[in-house]
Amino acid sequence: MMAKAKRAALLAAAVLMAFQPVWAGSGALLVPQGSVKILPTGAVVDSRMPVPEGVMMACSGRCLVEAKGVQFVGSDRTVFAVQEEADRWSVAVQEGAVDFAVRADAKPVSFTTPFDTVSSQPHAVPASTDSVVRGTLQVTEDRAVLRVTQGSLEVVSSSGRQLIQPGNSIVLAQAVVGAGAAGGTGGGTFLGMGTAAATVAGLGTAAIVTGAVVAENEGGNGGEASPF
């Protein structure tokens, strides 16, 4: 019995040592509301821990990442990664949905999807420090939608600079014209994928618009937890 407990303790220590270089310098905390699989290692965690920076995580149940001034909530079956840069937060979403809340005094956020990268600007939110921008980034097989539900967010992407008002979104999708759908992603890696076109939802496959800001008739995901 003692030998089994000792082996378990040594295994836990080895896992902890393996993650230490990834955690270094990050003030972000991962709080699973279920469990999270760390994809490069296959490790499954179900308790709070420092965020493994830049590492893809698969959520089983909701998983919360929180740090000073920001919060990201991955929904069930979402695969995403979070990394703190010197001047911004980088969030990569491979599939699923991530709710976000960003305070005015927090670092700006860059969102990377298989279709494009969208970066918020440092002055994207009002000057008041109690102001919060909330929204959702949802990624499916054929498009990514960045929706703002509270506050206004100024972003820059391959399509240029845009201001997203509450209830509006940017829809990023593979370019599809008539029956000539673009096939696949060209074999690029997730973070290195080429830019795809943005299309206005509901206008049909022949109407391709780059960087379109569209109004959402339905509300956002709603119900996202937030400490702000």
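Residues numbered from 1 in each chain as written. Predicted model: local features only at pLDDT ≥ 70, side-chain atom pairs only at ≥ 80, totals over all residues. Heavy atoms only, no water.

### As for the overall build of the protein
Moving on, step 1. Assigned secondary structure in the protein consists of one helix and 17 strands.
Moving on, step 2. Taking all 228 residues of the protein together, 45% fall into the buried category.
Moving on, step 3. Taking contacts inside the protein between residues at least 6 apart in sequence as the whole, the part at least 24 apart equals 54%.
Moving on, step 4. Summed over its atoms, the accessible surface of the protein is roughly 11,100 Å², and 56% of this surface lies on carbon and sulfur atoms. (Helix = DSSP H or I, 4+ residues; strand = E, 2+ residues; numbered from the N terminus. Buried < 20%, exposed > 50% of the residue type's maximum accessible area, 1.4 Å probe, protein only. Contact = heavy atoms within 4.5 Å. Areas by Shrake-Rupley, 256 points an atom, 1.4 Å probe, with all protein chains shown as cover.)

### A few points about unusual backbone geometry
Moving on, step 1. At arginine 77, a residue that is not glycine, the phi angle is positive and equals roughly 70°.
Moving on, step 2. Secondary-structure assignment places arginine 77 in the loop between strand S5 (70-74) and strand S6 (79-84).
Moving on, step 3. For arginine 77, a relative accessible area of 68% puts it in the exposed group.

### Considering the packing of aromatic side chains
Moving on, step 1. In this structure the tally under the stated criterion is one aromatic pair.
Moving on, step 2. A ring pair is formed by phenylalanine 100 and phenylalanine 111, whose centres lie 5.0 Å apart and whose planes are at 45°; its orientation type is tilted. Of the two residues, phenylalanine 100 is situated in strand S7 (residues 89-103) and phenylalanine 111 in strand S8 (residues 109-112); the sequence distance between them amounts to eleven residues. Neither residue differs from the other here; phenylalanine 100 and phenylalanine 111 are each classed as buried. (Phe/Tyr/Trp six-rings, centres within 6.5 Å; stacked < 30°, edge-to-face > 60°.)

### What about the confidence of the model for the protein?
The predicted structure's coordinates, where accompanied by low pLDDT, should not be read in detail.
Moving on, step 1. This prediction gives the protein a mean pLDDT of 73; 60% of its residues lie at or above 70.
Moving on, step 2. Across the protein, S5 holds the top mean pLDDT of 97, while strand S16 (residues 180-181) sits lowest at 36.
Moving on, step 3. Contacts from residues 4-26, a stretch scored under 50 in pLDDT, to residues over four places away or in other chains number 19 contacts.
Moving on, step 4. Every residue in residues 217-228 is under pLDDT 50, and counting partners more than four places away or in other chains gives 29 contacts. (pLDDT = per-residue confidence, 0-100.)

### Things to note about the environment of glycine 61
Moving on, step 1. For glycine 61, the location among the structural elements is in strand S4 (residues 57-67).
Moving on, step 2. In this structure, glycine 61 is in contact with Gln33, Gly74, Ser75 and Asp76, ignoring residues within four places of it in sequence.

### Some points on the nonpolar core
Moving on, step 1. The biggest cluster of nonpolar side chains holds 39 residues, and the ones touching the most others in it are Leu30, Val65, Phe72 and Phe80.
Moving on, step 2. Looking at this core, the element that brings in the most residues is S7, giving six residues.
Moving on, step 3. The contact partners of valine 65, leaving out residues within four places of it in the chain, are Ala28, Leu29, Leu30, Val51, Met57, Val70, Gln71, Phe72, Phe80 and Val82.
Moving on, step 4. Of all hydrophobic cores here, the second largest spans five residues; its members include Ala58, Val79, Ala81 and Ala92. (Core = buried A, V, L, I, M, F, W, Y, C linked by side-chain atoms within 4.5 Å.)

### Description of the state of the cysteines
Moving on, step 1. Here the structure, examined in full by the defined rule, presents one disulfide.
Moving on, step 2. Between the sulfur of cysteine 59 and that of cysteine 63 lies a disulfide, 1.9 Å long from S to S. (Disulfide = S-S within 2.5 Å.)

### Thoughts on the pairing of S4
Moving on, step 1. Of all the eleven residues making up S4, eight are buried; the element is thus mostly covered by neighbouring parts of the structure.
Moving on, step 2. Alignment of strand S1 (residues 29-38) against S4, held across ten bridges, turns out to be antiparallel. Across the sheet, leucine 30 pairs through a bridge with valine 65, a residue of S4.
Moving on, step 3. Pairing of S4 with S6, which is carried by two bridges, proceeds in the antiparallel orientation. (Pairing = 2+ DSSP bridges.)

### Considerations on the pattern of salt bridges
Moving on, step 1. Scanning the model with the defined rule gives three salt bridges in all.
Moving on, step 2. A salt bridge links arginine 103 to aspartate 105, with the shortest nitrogen-to-oxygen separation between them at 3.0 Å.
Moving on, step 3. Two residues, glutamate 154 and arginine 161, come together in a salt bridge whose shortest N-O distance is 3.3 Å.
Moving on, step 4. Residue class for arginine 161 comes out exposed when judged on its relative accessible area of 52%. (Salt bridge = Lys/Arg side-chain N within 4 Å of Asp/Glu carboxyl O.)

### Some details on the pairing of S8
Moving on, step 1. Here S8 shows two buried faces, one formed by Val109 and Phe111 and the other by Ser110 and Thr112.
Moving on, step 2. Here four bridges tie S7 to S8, and the two strands are oriented parallel to one another. In the sheet register, valine 91 faces S8, and the bridge partner there is phenylalanine 111.
Moving on, step 3. Pairing geometry for S8 and strand S9 (residues 117-120), over three bridges, is antiparallel. Considered in S9, the bridge of serine 110 is made with serine 119.
Moving on, step 4. Count of turn residues in the S8/S9 antiparallel hairpin: four residues.

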